[in-house]
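# Structural overview
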Amino acid sequence: MKFAIGFVIYNPENNHLKQIKQIVTSNLFEVCMIYDNSQKKHNLSYITEDNYFYNGINDGLPKAYNCFLHRCKLKHIDYLCIMDQDSTFECDEIKKMQDAIIRNNNFLANCALVAPRSYIITASHHPTRKDKFTNVEYVINSGSFLNLRCLCSNNLKYDENIYLDGVDYDFCKSAHSKNMNILIYEGSFLQQRLGYSRYFFGKGISCHNVTRHYYMAKARKYNCQKHFNKIKGIFFYLYKTMGHLLLVLLFEDHKYIKIKVIISTLIE
């Protein structure tokens, strides 16, 4: 069975590049790729030139993921692991995931992706390791292993109408609409950083810049229109948008401009 990995990076720090190098040089993957959305090109000696993709602009996540999928198809890869730089996936945890996939290949035949059990680095408790799969509605795609045979036979790829936020949600909803499974393997762990900048009764609240808020709201509207009927889509969109606006009012700075860009997506 052939495994590949694709990293999407954006102005990475040294610790991000160090983790990428550790995984690339571990020989766990037949093909290692980087899609660089940074403002400046990186010279990475451990990545071959034909597996490094750089356009000089931030192309977003779906275009990067689809680039990986196309490359893997040419290389006859069975499973593609996709990673962003806010996740930490230790090599021994990756190996546990790969071993579980190999052992359960037939069971995973109708699985669009299988993800490790993720947990927040700042959390006070860690999940319990179990050698089993859990069927879920949604997972973050970072650290997930995409079953390329299943995706190809169902003609599923990432929707490039979405730029950043909402990508994972859309992909999982689309997979379920084609009767594919989304699974978590409870025997492999991935650490996730959410960039909390505020805390409320011990719960972390992520704060974002104006541009990020715009794309969050825009993706929410697009996903509601795509995956729900009109009435349910409107209700779900307004409910989630009110929560979004409330978080901005309570915890963020530059409230006026952020609220303005969120509301602007209503009439686009």
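To be clear, the structure that these remarks concern was listed above.
This is a predicted model, so every value here is computed, not measured.

### Some words on the pattern of salt bridges
One pass over the full model with this rule turns up twelve salt bridges. A salt bridge links Asp170 to Lys226, with the shortest nitrogen-to-oxygen separation between them at 2.8 Å. With Asp170 in helix H5 (residues 167-177) and Lys226 in helix H6 (residues 210-227), this residue pair connects regions lying 56 residues apart in the sequence. A salt bridge links Glu252 to Lys258; the shortest N-O distance between them is 2.7 Å. On the accessibility criterion, Glu252 (6% relative accessible area) is buried. What makes Lys258 buried here is its relative accessible area of 3%.

### What to know about the packing of H5 against H6
Between two packed helices, the angle of one axis relative to the other and the distance separating the axes together describe the packing. Direction vectors running N to C along H5 and H6 enclose 10°, while the axes themselves pass 10 Å from each other. In terms of their interaxial angle, H5 and H6 are classed as roughly parallel. Contacts between H5 and H6 involve Tyr169, Asp170, Lys173 and Ser174 from the first element and Asn223, Lys226 and His227 from the second. The residue inventory of the contact of H5 with H6, partitioned by class, reads one nonpolar, three polar and three charged.

### Remarks on the packing of H6 against helix H8 (residues 255-264)
Their axes nearest at 8 Å, the elements H6 and H8 cross at an angle of 25°. Judged on the interaxial angle alone, H8 and H6 are roughly parallel. Crossing angle aside, the handedness with which H6 passes H8 is right-handed. Across the interface between the two elements, Val210, His213, Tyr214 and Ala217 of H6 pack against Ile257, Lys258, Val261, Ile262 and Ser264 of H8.

### Brief notes about the nonpolar core
Ranked by size, the top nonpolar core spans 36 residues in total, and within it Phe68, Leu80, Leu146 and Leu151 carry the most contacts. Elements supplying a minimum of two residues to this core: strand E1 (3-9), strand E2 (31-36), helix H2 (61-75), strand E4 (79-84), strand E6 (111-120), helix H4 (148-153), H5 and strand E9 (181-192). In contact with Leu80, not counting residues within four places along its chain, are Ala4, Ile5, Gly6, Met33, Phe68, Leu69, Cys72, Ser144, Phe145, Leu146 and Leu148. Counting residues in each nonpolar core, the second largest holds 32 residues, with Ile9, Ile20, Phe29 and Phe89 among its members.

### Considering the state of the cysteines
Tallying each qualifying case throughout the model produces zero disulfides. Left without a disulfide partner, Cys111 is nearest to the cysteine sulfur of Cys150, which lies 7.0 Å away. Residue class for Cys111 comes out buried when judged on its relative accessible area of 2%.

### Side note on the packing of aromatic side chains
Summed over the entire model, instances satisfying the criterion amount to 15 aromatic pairs. Pairing Phe235 with Tyr239 gives two aromatic rings, centres 6.4 Å apart and planes at 5°, and the pair type is stacked. Taken as a pair, Phe235 and Tyr239 lie in helix H7 (residues 230-251) at a separation of four residues, close to a single helical turn. Residue classification places Tyr239 among the exposed residues on the basis of a relative accessible area of 55%.

### Details of H2
Because an α-helix packs 3.6 residues into every turn, residues spaced three or four apart end up facing the same way. For H2, with 15 residues, the first-to-last C-alpha span of 21 Å sits near the 21 Å given by 1.5 Å per residue. All buried positions along H2 are accounted for by Leu61, Pro62, Ala64, Tyr65, Asn66, Cys67, Phe68, Leu69, Arg71 and Cys72. Immediately downstream of H2, the backbone of His76 shows phi near 55°, a positive value.

Scoring rules and cut-offs
Residues numbered from 1 in each chain as written. Predicted model: local features only at pLDDT ≥ 70, side-chain atom pairs only at ≥ 80, totals over all residues. Heavy atoms only, no water. Salt bridge = Lys/Arg side-chain N within 4 Å of Asp/Glu carboxyl O. Helix = DSSP H or I, 4+ residues; strand = E, 2+ residues; numbered from the N terminus. Buried < 20%, exposed > 50% of the residue type's maximum accessible area, 1.4 Å probe, protein only. Axes fitted to C-alpha atoms, helices over the stretch in contact; angles between N-to-C directions. Parallel < 35°, antiparallel > 145°, perpendicular 65-115°, else oblique. Contact = heavy atoms within 4.5 Å. Nonpolar A, V, L, I, M, F, W, Y, C, P; charged D, E, K, R; others polar. Left-handed = near helix turned anticlockwise from the far one by under 90°. Core = buried A, V, L, I, M, F, W, Y, C linked by side-chain atoms within 4.5 Å. Disulfide = S-S within 2.5 Å. Phe/Tyr/Trp six-rings, centres within 6.5 Å; stacked < 30°, edge-to-face > 60°. Expected span 1.5 Å × (residues − 1).

On their own, these measurements won't tell you what the molecule is for.
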